[in-house]
Amino acid sequence: MTTRLTVAQALVRFLAAQYTERDGVRQRLISATWGIFGHGNVAGLGQALVEYGDDMPFHQGRNEQSMVHAAVGYARQSNRLSTHAVTTSIGPGATNLVTGAALATINHLPVLLLPGDIFATRVADPVLQQLEVPYAGDISVNDCLRPVSKYFDRVTRPEALIPAALQAMRVLTDPVETGAVTLALPQDVQAEAHDWPEEFFAERTWVVRRPGADPTELAEAISLIRSAERPLLVAGGGVHHSRAEEALAEFADATGIPVASTQAGKGSLRHDHPQDVGGVGHTGTATANELARQADLVIGVGTRYTDFTTASGTLFAGDGVRFLNLNIAPYDGHKLAGTPLVADARSGLTELTEALQLHAHRVPGVYVDEYTLDKERWEQRVDACYEADEPDIRPTQPQVLGALDALVDESDVIINAAGSLPGDLHKLWRARSRDQYHLEYGYSCMGYEIPAAIGVKMAAPDRNVWALVGDGTYLMMPTEIVTAVQEGIAIKLLLIQNHGYASIGGLSETVGGERFGTAYRYQSDDGTYTGAPLPVDLAANAASLGMRVLRAKTVRDLRAALEEARAADTPTCVYVETETADTVSGAPPAQAWWDVPVAETATRASAVKARELYERHVSTRRRHL
């Protein structure tokens, strides 16, 4: 039995019937579609979404990249078990997807991209917005999405949709392979009718697996842990993706092994858990990094070991240090010449805990006393950064975070991605729940926060969702404020004005760049941006887009504004001006190095000095073989 539908109609009906299941919980895989329409999709997917609007909710976006960010935020909050689709026209609409696709794939977060494409039949050639490639007739701008997609297919015939759609669902639901999936849809094919087998539209449930550990690998892992005197566990984003937080807490309770976290893994343990020692790496705490330097075994759980985590290969400096990598992806399990334990994070941790309890294994009490005392000392530093003795003065950035920290509870979600805030948050923020700390630091994409907050709020409508944004990030992509206002999505925007790229300005100063081109100021006679700050009113801009705005000039104002915003049931922005971008933020400095190569030859004193320091750091790098 068949049903005659267009390709676009068939795709929408198919997507509406796809489900995931894990641990007995079943939910829609594609719960909604975002779109901006043009000639490449308006008569195809646009018409199909009208035809089947009851089956597929639709959200109107303002920027194609930000629509992907919203879908990614939704997917992360949904534990990668549900996501959104994004459709665009051909040309700039499609290429605007590339950044969002890269972010999704790097962070292993599922999103389905449905860009329109040029005519498969070539009857209109070149069509409006088509990139002509003289040496190949089958290339369009959508091919830019190939390297940033985990799966890519161009559906040039109606019959090809069936295998392409099934492969797309397979990748979206694979805990190892998931990321951006692209189905490029030529505009003529979208509108072409075909007789589809009814089985194509039957409900399908894609089971998200939890593989356990291989017995041989598990035995080796247990042996490594039992022989270690100073083990340290590094929790990555895979702990959250697996919902392995309770299993990690049980492992830490049973063994006494301290737990440090990457940006993606922060919150794997509550901040007040005895074994939580905070962030690790370049933006980590002194406690975690000192433990890392002296560790004889590093147990990585669900981490990719990025250069921020390893301090560019200088952090794990102990003689004979070994690595045990519990990861569902074999590629990551073998990093740093580690012993792989290829398994789901929750399954693997549970198996490790049960085996170690049989041996009554626990780290020495003196080791526990050592990191407990260091943890208390670091918390005192956090208190000092957050403290504001003079409430009627302009706050520092850490004092802004302190005011928010004093207000929120475990139900709030904090979202950030780029600028100087990730460093301050990783060091200072006290995560109260498994999903409170939402940092996109795989791609660290400016402009992610506001649309991602919309996606998170859609996935968790009863939560208070905060987008923490600096002025540089805000200017990249404020457009989805309009979407939040249009759909009544009550996100909270904490907009911090410090007149420039504070993070890169600080980095520039340390590597001999002298903060060149990092401040938002008028240009001086010498061509540098060292004049007066620009008279830009970002609060007025947010208000002009329909958001309610609360201005805070002092710490006291800020506390009141944050409290009012948290209680609001409409999209609300708290605007606060902190120190300018050419002054320090007030947070503790980096506790570990990060490799940003410095000019090998230079005449300026700042660069010469920076190079000398760089060479000293480089000399401490090691390759773990």
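The sections below set out a description of the structure shown in this document. Fair warning: this is a prediction, and the values are worked out from it, not measured in the lab.

Thoughts on the overall build of the protein chain
Argument step 1. The helix and strand inventory of the protein chain stands at 24 helices and 23 strands.
Argument step 2. Scaling as 2.2 N^0.38, a compact globule of 625 residues should have a C-alpha radius of gyration of about 25 Å, and the protein chain matches this with 25 Å.
Argument step 3. Viewed in the frame of its principal axes, the protein chain has a C-alpha envelope of about 70 × 70 × 55 Å.
Argument step 4. The buried share of the protein chain, reckoned over its 625 residues, is 60%.
Argument step 5. In the structure as shown, the protein chain presents an accessible area of about 24,400 Å², 52% of it carried by carbon and sulfur atoms.
Argument step 6. Of the charged side chains in the protein chain, 54 are positive and 77 negative, and the gap between their average positions amounts to 2 Å.

Some remarks on a nonpolar patch on the surface
Argument step 1. Side chains of Phe37, Val42 and Phe58 sit close together on the surface and give an oily, nonpolar patch of about 240 Å² of accessible area.
Argument step 2. Within the secondary structure, Val42 is located in helix H2 (residues 42–51).
Argument step 3. You can call Val42 partly exposed: its relative accessible area is 44%.

Brief notes about the packing of helix H8 (residues 215–227) against helix H14 (residues 345–358)
Argument step 1. Between H8 and H14, the shortest axis-to-axis distance is 10 Å and the interhelical angle comes to 60°. Considering their axes alone, H8 and H14 lie oblique with respect to each other. In this structure, H8 crosses over H14, and the sense of that crossing is right-handed. Contacts between H8 and H14 involve Leu218, Ala221, Ile222, Ile225 and Arg226 from the former and Glu351, Leu352, Ala355 and Leu356 from the latter.
Argument step 2. Across the contact of H8 with H14, the residue classes tally to seven nonpolar, no polar and two charged.

Description of unusual backbone geometry
Argument step 1. For the bond from Asp125 to Pro126, the omega torsion is 5°, close enough to zero to count as cis.
Argument step 2. Checked against the element boundaries, Pro126 lands in the loop between strand E7 (111–117) and strand E8 (151–154).
Argument step 3. Here the phi dihedral of Ala311 falls at roughly 50°; this positive angle occurs in a residue that is not glycine.

Describing the pattern of salt bridges
Argument step 1. All told, the structure shown has 36 salt bridges when counted by the stated rule.
Argument step 2. Of the charged contacts, one joins Arg4 and Asp195 as a salt bridge, the two residues approaching to 3.2 Å between their closest N and O atoms. You can see Arg4 sitting in strand E1 (residues 2–6) and its partner Asp195 sitting in strand E10 (residues 193–197), a full 191 residues away along the chain.
Argument step 3. We classify Arg4 as exposed; its relative accessible area is 55%.

Let's talk about the packing of aromatic side chains
Argument step 1. If you walk through the whole model with that rule in mind, you get eleven aromatic pairs.
Argument step 2. Ring plane angle 20° and centroid distance 5.4 Å describe the contact between Phe37 and Phe58, whose orientation is recorded as stacked. You can see Phe37 sitting in the loop between strand E4 (30–35) and H2 and its partner Phe58 sitting in strand E5 (residues 58–60), a full 21 residues away along the chain.
Argument step 3. A network of ring pairs unites the aromatic residues Phe14, Trp196, Phe200 and Phe201 as a single cluster.
Argument step 4. Looking at Arg13, its charged tip hangs above the ring of Phe201, at a distance of 4.2 Å from the centre.
Argument step 5. The ring of Trp429 has Arg432 lying over it, and the distance from NZ or CZ to the ring centre is 5.9 Å.

Remarks on helix H15 (residues 365–386)
Argument step 1. Spanning 22 residues, H15 covers 32 Å between terminal C-alpha atoms, matching the ideal 32 Å at 1.5 Å per step.
Argument step 2. Elements in contact with the buried residues of H15: strand E12 (231–235), strand E14 (276–279), helix H11 (286–294), helix H16 (397–405) and helix H17 (421–428).

Things to note about the pairing of E8
Argument step 1. Inspection of the sheet shows E8 paired to strand E9 (residues 180–186) by four bridges, in the parallel sense. Bridge pairing in E9 links Phe152 to Thr182.
Argument step 2. Crossover connection from E8 via helix H6 (residues 161–172) to parallel E9: handedness right-handed.

Things to note about the sheet that holds strand E2 (residues 18–22)
Argument step 1. Spatial ordering of the open sheet is given by E3-E2-E11, a layout of three strands whose pairing is mixed. Lying at the two open borders of the sheet, with one neighbouring strand each, are strand E3 (25–28) and strand E11 (204–207). This sheet shows a mean twist of 30° between the axes of neighbouring strands, independent of strand direction.
Argument step 2. Summarising the sheet, E2 and E11 pair through four bridges and their orientation is parallel. Bridge assignment links Tyr19 to a residue of E11, and that residue is Thr205.

Describing the sheet that holds strand E13 (residues 259–261)
Argument step 1. Pairing is parallel in the open sheet, where six strands are placed in the order E14-E13-E12-E15-E16-E17. The open sheet terminates on both sides in strands that have one partner only, identified here as E14 and strand E17 (339–342). Neighbour-to-neighbour, the strand axes of this sheet turn through a mean angle of 20°, independent of strand direction.
Argument step 2. Where E12 and strand E15 (residues 297–301) come together, five bridges link them in parallel fashion. The residue of E15 that forms the bridge with Leu232 is Val298.
Argument step 3. Seen against the sheet, H14 touches E12, E15, strand E16 (322–327) and E17 and runs at an angle of roughly 125° to E16.

Some thoughts on the state of the cysteines
Every disulfide links exactly two cysteines, by a covalent bond between their sulfur atoms.
Argument step 1. Under the criterion given, the structure shown has zero disulfides.
Argument step 2. The closest cysteine sulfur to the non-disulfide-bonded Cys573 is located on Cys445, 20 Å from its own sulfur.
Argument step 3. Owing to a relative accessible area of 0%, Cys573 belongs among the buried residues under this scheme.

Quick word on H6
The α-helix advances 3.6 residues per turn, and as a result positions three or four apart in sequence lie on the same side.
Argument step 1. With twelve residues, H6 should cover 16 Å at 1.5 Å per step; its first-to-last C-alpha distance of 16 Å lies within 8% of that length.
Argument step 2. Those residues of H6 lying buried are Leu161, Ala164, Ala165, Ala168, Met169, Val171 and Leu172. Angular distribution of buried residues about the axis of H6 spans 165°; they occupy a single face of the element.

Looking at the environment of Gly320
Argument step 1. Examined against the element boundaries, Gly320 turns out to sit in the loop between helix H12 (307–310) and E16.
Argument step 2. When the C-alpha positions of Gly320 and Thr105 are compared, they lie 34 Å apart, and in sequence the two are 215 residues distant.

A short note on the side chain of Lys457
Argument step 1. You can see Lys457 is positioned in helix H18 (residues 449–459).
Argument step 2. No salt bridge is formed by the buried Lys457; its nearest oppositely charged neighbour, Asp462, is found at 6.7 Å.
Argument step 3. A distance of 3.0 Å separates the side chain of Lys457 from the backbone oxygen of Pro461, its partner in a polar contact.
Argument step 4. Setting aside chain neighbours within four positions, we find Lys457 in contact with Arg463, Val465, Ile489, Ala490 and Ile491.

Quick word on the nonpolar core
Argument step 1. Of all hydrophobic cores here, the largest spans 52 residues; its most connected members are Ile225, Leu233, Phe251, Ile299 and Leu349.
Argument step 2. Sequence-distant contacts of Phe251, defined by excluding residues within four places in its chain, comprise Ile225, Leu233, Ile257, Ile299, Leu349, Leu352, Thr353 and Leu356.
Argument step 3. Membership of the second largest hydrophobic core comes to 46 residues, among which are Trp34, Val86, Ile415 and Ala484.

About the criteria used
Residues numbered from 1 in each chain as written. Predicted model: local features only at pLDDT ≥ 70, side-chain atom pairs only at ≥ 80, totals over all residues. Heavy atoms only, no water. Helix = DSSP H or I, 4+ residues; strand = E, 2+ residues; numbered from the N terminus. Rg over C-alpha atoms; globule rule 2.2 N^0.38 Å. Buried < 20%, exposed > 50% of the residue type's maximum accessible area, 1.4 Å probe, protein only. Areas by Shrake-Rupley, 256 points an atom, 1.4 Å probe, with all protein chains shown as cover. Lys, Arg positive; Asp, Glu negative; His and termini not counted. Charge placed at Lys NZ, Arg CZ, Asp CG, Glu CD. Patch = residues over 30% accessible without salt bridge, like charges linked within 9 Å, V, L, I, M, F, W, Y side chains within 5 Å. Salt bridge = Lys/Arg side-chain N within 4 Å of Asp/Glu carboxyl O. Axes fitted to C-alpha atoms, helices over the stretch in contact; angles between N-to-C directions. Parallel < 35°, antiparallel > 145°, perpendicular 65-115°, else oblique. Left-handed = near helix turned anticlockwise from the far one by under 90°. Contact = heavy atoms within 4.5 Å. Nonpolar A, V, L, I, M, F, W, Y, C, P; charged D, E, K, R; others polar. Phe/Tyr/Trp six-rings, centres within 6.5 Å; stacked < 30°, edge-to-face > 60°. Lys NZ or Arg CZ within 6 Å of the ring centre and 35° of its normal. Expected span 1.5 Å × (residues − 1). Pairing = 2+ DSSP bridges. Right-handed = clockwise from strand over helix to strand, strands pointing away. Disulfide = S-S within 2.5 Å. Arc of directions from axis to C-beta. Polar contact = N/O pair within 3.5 Å; in protein donor to acceptor, adjacent residues only side chain to side chain. Core = buried A, V, L, I, M, F, W, Y, C linked by side-chain atoms within 4.5 Å.

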